[in-house]
Amino acid sequence: MITIGEYVVGPVELVALGIAAIVIVLLILSVRAAGRSARLAEPLAQQMGSVAARVQMLSDGQQQLAGGLTHVSEAQAAAQSSMLQLMEKRLAQVSEKMNENLQGSSRRTAHSLGELQERLKTIDKAQENITKLSGDVLSLQDILSNKQTRGAFGEIQLNDIVGKALPKDSYALQHTLSNGKRADCLIHLPNPPGPIVIDSKFPLEAYEALLNAKTQSQLNEAARMLRTSVKAHIKAISEKYILDGETADGALMFLPSEAVYAELHANFPELVREGFAARVWIVSPTTCMATLNTMRAILKDARMREQAGAIRRELGLLYADVERLGTRVENLDRHFGQAAKDISDIKISADKAGRRARRLDNFDFEELAPEDDKVVPLAKPDS
C-alpha cells in the first residue's frame, strides 16, 4: 500500500488512478488530434459539400431520367397496345380470308370431285363401250376371215356410200349385164361416158400377210400375193364389166379399206398404173364418195338439159301470165280513176244538198232560186 497524504492507497486504487491518468492523457491527446483533424477536415468538408451538391444534381437528373423513362414506358406501352390491336385486327382479317379461301377451296374441291366422278362415270361407260367394241371387232374379224362374208361386207359398205351420194333412180344394185355377169353397182350416167360399173374387191389375206411378215422372204412372198390378187381383180373387172355400147369405157374397183388403198398407192404404184392401163380405177371409201359427188353433178346437169324444153315452155307461159296481169292492172287502174271521178261528183252534189238544207232550215227562200239554174220548179198546187 502507498500513503498519499491522509489517504492510504491500495493496489487496486493505484491501478484505477493509473488508468484514469492514462484516460485523461488520451483525452487531452484526442482533443488536440481532433483540433488538428478539424482543421484538416475543413477542405474535406468543402469537398464533401461539393460532392453532396453533385449527388443532389445526380439525384435530380435521375428523377428526370426516371420521369423520361416513365413517359417512354407509357408511350411504348401505348404503341405496344396499338400494335397488338393492329395485329389482332390483321390476324382476324387473315383468319377470315383464310376461312373464305378454305371454303372456296372446299367448294372448288367438291366441284372438281363431282366433275371427276362424272368423268369417271363417262370413263366407265367408255370402258363398257370399248369392251363391247372389242367384242364387235372380234366379230368383225370372224366376218372378214371368211371370203364370202368379206365380199358381202364390201358390198354393204359400197351400197351405203352410193345411197348417200346419189339419187335412188340413178343407180342399180346387183345389176345383171348382157353378158350374164352381175355387177355390184351400175350407175346410170348419160353418154358420154355412159353407165359405169363399181365392183367391190377386198384382198385382205395378202394385205394381212404383208403386215405380219417378219423376214424379208415373208415380205417378198406377201408382196407377190398382193400383186397377184390385185392384178386378178383388175383383169376380172376389165373383162366382165367394160362392154362396148352398154357400159362406159372404164369401171371402178372399190376397196372397202383405206389402209389397203394407201398401201397400194404408197408401195405398189405399178398396180395403180396397170389399173389405169386396163381402164379400171381403184377407189377407197373416201375417194369413191368424191367420185360419186362428181357423178351427181353430171347427172344433175344432164337432167337439166333434158328438162330445158319444159323449162322454156314454162317460161313462155309465165311471160304470158305476166302480160295478162299487166293488162288487168291497167284496167283496174282505169276503173279506180273512174271511181275517183264519180266520188268527186258525189261529194260536190252532197255539198250542194247540204247548203240547200241549211237554207231551208233558216227560211232563206229568196236565195233558193239563184242557187242552180237547173233546179226543177215546184209544182203548183191544185186550185
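Residues numbered from 1 in each chain as written. Predicted model: local features only at pLDDT ≥ 70, side-chain atom pairs only at ≥ 80, totals over all residues. Heavy atoms only, no water.

1. What to know about the overall build of the protein chain
Note the following rule: Segments assigned H or I by DSSP are reported as helices when at least four residues long, segments assigned E as strands when at least two residues long, and all are numbered from the N terminus. For every residue, the accessible area obtained with a 1.4 Å probe (protein chains only) is divided by the maximum for its type, and the residue is called buried under 20%, exposed over 50%, and partly exposed between those limits. In this description, contact between two residues means that some pair of their heavy atoms is separated by no more than 4.5 Å. For accessible areas, the Shrake-Rupley method is used with a probe of radius 1.4 Å. Any residue's cover is judged against the shown protein chains and nothing else.
The number of helices and strands found in the protein chain is 8 helices and 7 strands. In the protein chain, buried positions account for 20% of the 383 residues. Put simply, 61% of the contacts in the protein chain that link residues at least 6 apart link residues at least 24 apart. A total accessible area of about 28,400 Å² is found for the protein chain, and carbon and sulfur atoms account for 60% of it.

2. Quick notes on the nonpolar core
Which entries qualify depends on this criterion: By convention a nonpolar core is built from buried Ala, Val, Leu, Ile, Met, Phe, Trp, Tyr and Cys residues, the set being connected through side-chain atoms within 4.5 Å.
Residues Met253 and Leu264 are the most contacted members of the largest nonpolar core, which totals 29 residues. Only β4 (182-187), α3 (204-211), α4 (216-241), β6 (251-254), α5 (258-267) and β7 (280-283) provide two or more residues apiece to this core. In terms of residue count, the dominant contributor to this core is α4 (7 residues). What Leu264 contacts, discounting residues up to four positions off in sequence, is Leu226, Val230, Leu255, Pro269, Leu271, Val272 and Ile282. Counting 19 residues, the second largest nonpolar core, distinct from the first, contains Leu166, Cys185, Leu189 and Cys288.

3. Some thoughts on the pattern of salt bridges
What counts, and what does not: Whenever a carboxyl oxygen of Asp or Glu lies within 4 Å of a side-chain nitrogen of Lys or Arg, that contact is scored as a salt bridge.
All chains considered together, the criterion is met by 8 salt bridges. Of the charged contacts, one joins Glu118 and Lys121 as a salt bridge, the two residues approaching to 4.0 Å between their closest N and O atoms. In this pair, Glu118 and Lys121 both sit in helix α1 (residues 11-145), 3 residues apart, roughly one turn of the helix. One salt bridge in this structure joins Asp345 and Lys341, with 3.5 Å as the shortest N-O distance.

4. Describing the sheet that holds strand β3 (residues 171-176)
Our working definition: Only strands that DSSP links by at least two bridges are regarded as paired with each other. Every axis in this analysis is a line fitted to C-alpha atoms, fitted for helices over the stretch in contact. Angles between the N-to-C directions lie between 0 and 180 degrees.
With mixed pairing, the 5 strands of this open sheet are ordered in space as β3-β4-β5-β6-β7. The open sheet has two edge strands, β3 and β7, and neither has a second partner. When strand polarity is set aside, the average angle formed by the axes of neighbouring strands in this sheet is 30°. With 4 bridges connecting them, β6 and β7 associate as parallel partners. The residue bridging Met253 from the neighbouring strand is Ile282, located in β7. α4 contacts β4, β5 (196-200), β6 and β7 of the sheet and is inclined by roughly 145° relative to β6. Across the sheet, helix α7 (residues 285-306) lies against β4, β5, β6 and β7, angled at about 150° from β6, the strand it touches most.

5. Points about the confidence of the model for the protein chain
Stated formally: Every residue carries a pLDDT, the predictor's confidence in it, which falls somewhere between 0 and 100.
Taken residue by residue, the protein chain gives an average pLDDT of 78. The fraction at 70 or more is 81%. When mean pLDDT is taken per element in the protein chain, β6 scores highest with 91 and strand β2 (residues 7-9) scores lowest with 50. pLDDT under 50 marks residues 371-383. Its contacts with residues more than four places away, or in other chains, come to 5 contacts.

6. Details of the pairing of β5
Within β5, 5 of the 5 residues are buried, which leaves the element mostly enclosed by the surrounding structure. Pairing between β4 and β5: 3 bridges, direction antiparallel. Bridging from a neighbouring strand, Leu186 pairs with Val197 of β5. Strand direction decides the pairing type here: β5 and β6, joined by 4 bridges, are parallel.

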